[in-house]
Amino acid sequence: MRASKYLITTKKESPADAEIISHQLMLRAGMIRKVASGLYSWMPLGLRVFRKVETIVREEMDRSGALELMMPVVQPADLWEESGRWSQFGPELLRLNDRHDRDFCLGPTHEEVITDIIRSEISSYKQLPANFYQIQTKFRDERRPRFGVMRTREFCMKDAYSFHSNAESLQETYQLMYQTYSTIFDRTGLDYRAVLADTGSIGGSLSHEFHVLADSGEDAIVFSTESDYAANIEKASSLVLDKKKEAADVKTEITTPDVHTIGELCKFLSLTADKTIKTLIISTEDSGKDKLVALALRGDHQLNELKVKNILGINGDLCLASEEEIKKALNCHPGSIGPIDLNLPLIVDSSAACVSNFVCGANKDGYHFKNVSWDRDCGELSISDIRNVVSGDFSPDGKGKLEIKRGIEVGHIFQLGTKYSEAMKATVLDENGKEQFMSMGCYGIGVSRIVAAAIEQNHDDNGIIWPEAIAPFQTVIVPINMHKSEHVRAVCENLYLSLMDAGVDTLFMDEPKARLGVMLADVELIGVPHRIVIGERGLQDGIIEYRHRRASENVDIKLNEIVDFIKNIAKR
RNA sequence: CGGGGCGUAGCGCAGCCUGGUAGCGCACUACACUGGGGGUGUAGUGGUCGCAGGUUCAAAUCCUGCCGUCCCGACCA
């Protein structure tokens, strides 16, 4: 591509509302432009990267045997009512009416449509297993779109859906997709991990997420130092070792004026938070009547909302009881609650249950108990894992300790089982001529998000550093004073044509009067991996300058060797 | 959804408190110089000051409402 025929709209300053580095660089490099909150246009330069990612995904999906199709963005409400998700989905689902006032939604995902297709097209177990995918626009009316293309309302996703006549077959395809995803992310050249995940609102049983590692990632992911255990923190558990029970000291009520938080309590009594128990009261409004439930955690641990929701079978958001509700139920303020003689259902975290002689609230404003023992003071306990693991916990498989890193979720695979096929009556006849619900799997990859994640992981002060496989251009030719030297011009032209002939994606900075400094700054911002600078000075010795985007020094290459050199290092 | 910030030229910002000719930098156009890392000069182009009301002789500036946009949001018991 010739720069003179292309649109390169770089900026020195980044827009004020861009917070994370990938968003800033994508705007500065002219890859994307915002249309409205959570809605972006892909400029030609950005689209090139987008397409490269898309191509890798498509090639590997095809290789896996999945069949590409395309379903509509706008979907009828009927299908969603059949699956039960019309009422289950919150405001994330953008609903709209057509001119006949019929209900539709913009598809955030396509389980309903694909299940509808398959139930009418496939009727025999002999046609299974089958796997269908599309690469297409999705819409989710995010509560808060942010981070540029990382969390938008409209985004592009590859979604695949597999159908099976039995669980083993689903297992096989799931494994195949796991492999395929690994190949896809290997090919993008990104540093990623697959982790165990929760199935969330899509439902189903087993699930893995694929995360690109980056400090700015929205998710915390947990690894064992010694085994291959890896999980999202929402899902991660740890091995709780029963501590030797200390002999119970005498329980004492102590006055704790103006102590409302664990922090204040620790300071007041000069002890560490792991010797305290905090008691949270949640209101489970979701389960019909307004019921309060108490949760006991070690003072230094954090509640894992998801684990509690799974235990209590709550679908919606978990919310903490208000001060009034607590006052009404317990006659004290939130800062003084404890597990003793609590007139509420209580769930004790398994780590909290190992603490003895702890300090906790006395359910009386201004008072706490010390030397509390679960066995003696709290009666029968309901114990569950309801906290987030922390760095240094034991891996649940007993091998190694847990370590926590940040990740950007770019892929997610699920075993759905028969959730949708049952709801939508998608059946086949088995070997015995009996009707059976198909088992399903679904598999997503965020195409647009991968582009942003790649930048989060690969950039420096001067701009983006694209991995070879997804760079908008593999190579760039930068001439020096081309308008003054016919020789430089001719060499650049020749080289450009030779590289294009050799199948190397090349950008030729052919604006005759462009200044060198400006061109170099642009080219670094855009992140082209391989740079060739050609000037009269070097040409006199038959030499041109090569530099990789990550390198800090030029390498002199003989003019007649450059095409082979580039072909060699830029090969796919 | 709750809390906060911000809307002035394509982008980044000042002006607003204390009402009176709408400014600066980048970008853009033309010309000249310069020519191996965002160069210099001269002359230009470009703005319903988010929208709607109100106060006033006079509103970017003061008041009210709306819209847009960005950031933060159990972690405290």
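Our subject is the structure that appears above.
Residues numbered from 1 in each chain as written. Chains lettered and ligands numbered in written order. Predicted model: local features only at pLDDT ≥ 70, side-chain atom pairs only at ≥ 80, totals over all residues. Heavy atoms only, no water.

A.B. asks: I'm lost on the overall build of chain A in this one. Help?
C.D. replies: A tally of helices and strands in chain A yields 16 helices and 31 strands. Looking at chain A as a whole, 51% of its 572 residues are labelled buried. Counting only contacts in chain A whose residues sit at least 6 apart along the sequence, the fraction spanning at least 24 positions is 69%. Surface exposure of chain A reaches about 26800 Å², of which carbon and sulfur atoms provide 48%. For chain A, the separation between the mean place of its 68 positive charges and that of its 85 negative charges on side chains is 3 Å. (Helix = DSSP H or I, 4+ residues; strand = E, 2+ residues; numbered from the N terminus. Buried < 20%, exposed > 50% of the residue type's maximum accessible area, 1.4 Å probe, protein only. Contact = heavy atoms within 4.5 Å. Areas by Shrake-Rupley, 256 points an atom, 1.4 Å probe, with all protein chains shown as cover. Lys, Arg positive; Asp, Glu negative; His and termini not counted. Charge placed at Lys NZ, Arg CZ, Asp CG, Glu CD.)

A.B. asks: Can you walk me through the sheet that holds strand S15 (residues 292-298) in this structure?
C.D. replies: Working definition: the strands of a sheet are paired by backbone hydrogen bonds and lie parallel or antiparallel to each other. Across the sheet, which stays open at both edges, the 5 strands sit in the order S16-S14-S15-S17-S20 with mixed pairing between neighbours. Edge positions in the sheet fall to strand S16 (319-320) and strand S20 (382-384), since each of these pairs with one other strand and no more. Judged from the 3 bridges that link them, strand S17 (residues 346-349) and S20 form a sheet pairing that is parallel. Of the residues in S20, the one forming a bridge with Ile 347 is Ser 382. (Pairing = 2+ DSSP bridges.)

A.B. asks: I'm lost on the packing of helix H1 (residues 21-28) against helix H12 (residues 447-457) in this one. Help?
C.D. replies: Geometrically, a packed helix pair is captured by the angle between its two axes and the distance between the axes. As a packed pair, H1 and H12 sit with axes 8 Å apart at the nearest point and diverge in direction by 105°. Between H1 and H12, the interaxial angle falls into the category roughly perpendicular. Contacts between H1 and H12 involve Ile 21, Ser 22, Leu 25 and Met 26 on the former and, on the latter, Val 451, Ala 452, Ile 455 and Glu 456. Across the contact of H1 with H12, the residue classes break down as 6 nonpolar, 1 polar and 1 charged. (Axes fitted to C-alpha atoms, helices over the stretch in contact; angles between N-to-C directions. Parallel < 35°, antiparallel > 145°, perpendicular 65-115°, else oblique. Nonpolar A, V, L, I, M, F, W, Y, C, P; charged D, E, K, R; others polar.)

A.B. asks: What exactly am I supposed to notice about a negative patch on the surface here?
C.D. replies: Taken together, the side chains of Asp 78, Glu 81, Asp 101 and Asp 103 define an acidic patch exposed on the protein surface. By the secondary structure assignment, Asp 103 is in strand S6 (residues 103-106). (Patch = residues over 30% accessible without salt bridge, like charges linked within 9 Å, V, L, I, M, F, W, Y side chains within 5 Å. Salt bridge = Lys/Arg side-chain N within 4 Å of Asp/Glu carboxyl O.)

A.B. asks: I would appreciate a short explanation of the protein's contact with RNA strand B in the present structure.
C.D. replies: Around RNA strand B, the structure places 48 residues, and the nearest of them are Ile 262, Leu 320, Pro 334, Asn 481 and Glu 545. The sugar-phosphate share of atoms of RNA strand B within 4 Å of the protein amounts to 44%. Within the side chain of Lys 12, an N or O atom sits 3.2 Å from a sugar or linking oxygen of RNA strand B. Between Gly 538 and RNA strand B, the recorded distance is 3.5 Å, taken from a backbone N or O atom to a base oxygen. When residues of the surface near RNA strand B are traced back to their parent elements, those giving at least two are strand S1 (32-36), helix H7 (262-269), strand S14 (277-283), helix H14 (516-526), helix H15 (536-539) and strand S30 (543-548). By residue number, the principal contributor to the surface near RNA strand B is H14, which donates 7 residues. Tallied by class, the residues present in the surface near RNA strand B amount to 16 nonpolar, 13 polar and 19 charged. (Near = heavy atom within 4 Å. Polar contact = N/O pair within 3.5 Å; in protein donor to acceptor, adjacent residues only side chain to side chain.)

A.B. asks: I would appreciate a short explanation of the nonpolar core in the present structure.
C.D. replies: Where a protein is soluble and globular, its nonpolar side chains tend to be buried together. Residues Met 31 and Trp 466 are the most contacted members of the largest nonpolar core, which totals 65 residues. Ranked by size, the runner-up nonpolar core spans 26 residues in total, among them Leu 79, Ile 114, Ile 122 and Cys 442. (Core = buried A, V, L, I, M, F, W, Y, C linked by side-chain atoms within 4.5 Å.)

A.B. asks: Please explain the side chain of His 211 as it appears in this structure.
C.D. replies: In this structure, His 211 sits in strand S10 (residues 207-213). A relative accessible area of 0% means that His 211 is categorised as buried. Within the structure, His 211 has its side chain in polar contact with the backbone nitrogen of Glu 409 (distance 3.5 Å).

A.B. asks: I tried to follow the packing of helix H2 (residues 44-63) against helix H6 (residues 167-188) on my own but got confused; where do I start?
C.D. replies: In contact at an axis separation of 10 Å, H2 and H6 are set at 150° when each is read in the N-to-C sense. Between H2 and H6, the angle falls in the class roughly antiparallel. The crossing of H2 and H6 is right-handed. Seen from H2, the contacting residues are Ile 56, Val 57, Glu 59, Glu 60, Met 61 and Arg 63; seen from H6, they are Met 177, Thr 180, Thr 183, Ile 184, Arg 187 and Thr 188. For the contact of H2 with H6, the residue count by class is 5 nonpolar, 3 polar and 4 charged. (Left-handed = near helix turned anticlockwise from the far one by under 90°.)

A.B. asks: I tried to follow unusual backbone geometry on my own but got confused; where do I start?
C.D. replies: Most peptide bonds take the trans form, and the phi angle of most residues other than glycine is negative. Between Leu 128 and the following residue, Pro 129, the backbone shows a cis peptide bond with an omega angle of 0°. Along the chain, the position of Pro 129 falls in the loop between helix H5 (111-121) and strand S7 (130-139). One non-glycine residue, Asp 341, lies in the positive phi region at around 50°. Tracing the backbone through its elements, the reader meets Asp 341 in the loop between helix H9 (323-330) and S17. For Asp 341, a relative accessible area of 73% corresponds to the exposed category. A positive phi angle is found at Asn 481, which is not glycine, with a value near 50°.

A.B. asks: Teacher, can you tell me more about H14 here?
C.D. replies: Taken together, the buried positions of H14 are Met 519, Leu 520, Asp 522, Val 523, Glu 524, Leu 525 and Ile 526. Check the buried side of H14 and you find it contacts H1, H2, strand S26 (463-464), strand S27 (475-479) and strand S29 (530-534).

A.B. asks: Quick question: what am I supposed to make of the layout of surface pockets here?
C.D. replies: Empty space among the atoms becomes visible once a probe the size of a water molecule is rolled across them. Quantified by volume, the second largest pocket comes out at close to 310 Å³. Residues of the lining of the second largest pocket, tallied by class, amount to 10 nonpolar, 4 polar and 3 charged. (1 Å grid on protein atoms, 1.4 Å probe; cavity = no way out; pocket = protein on both sides within 12 Å on 5 of 7 lines; lining within 4 Å. Points joined across faces, edges and corners; volume = space filled by probe spheres on them.)

A.B. asks: Would you explain a nonpolar patch on the surface in this entry?
C.D. replies: Where nonpolar side chains cluster on the molecular surface, the patch consists of Leu 239, Leu 241 and Phe 394 and spans about 250 Å² of accessible area. Overall, the relative accessible area of 47% leaves Leu 241 in the partly exposed class.

A.B. asks: Help me understand the state of the cysteines in this model?
C.D. replies: Disulfides are covalent bonds that connect the sulfur atoms of two cysteines. What the rule picks out here adds up to 0 disulfides. Residue Cys 266 stays outside any disulfide, its sulfur separated by 13 Å from that of Cys 360, the closest cysteine. A residue is classified by how much of its surface remains accessible, and Cys 266, at 13% relative accessible area, is buried. Considering cysteine sulfurs only, Cys 360 is the nearest to Cys 332, which forms no disulfide, with 11 Å between them. According to the relative accessible area criterion, Cys 332 is buried, its value standing at 0%. (Disulfide = S-S within 2.5 Å.)

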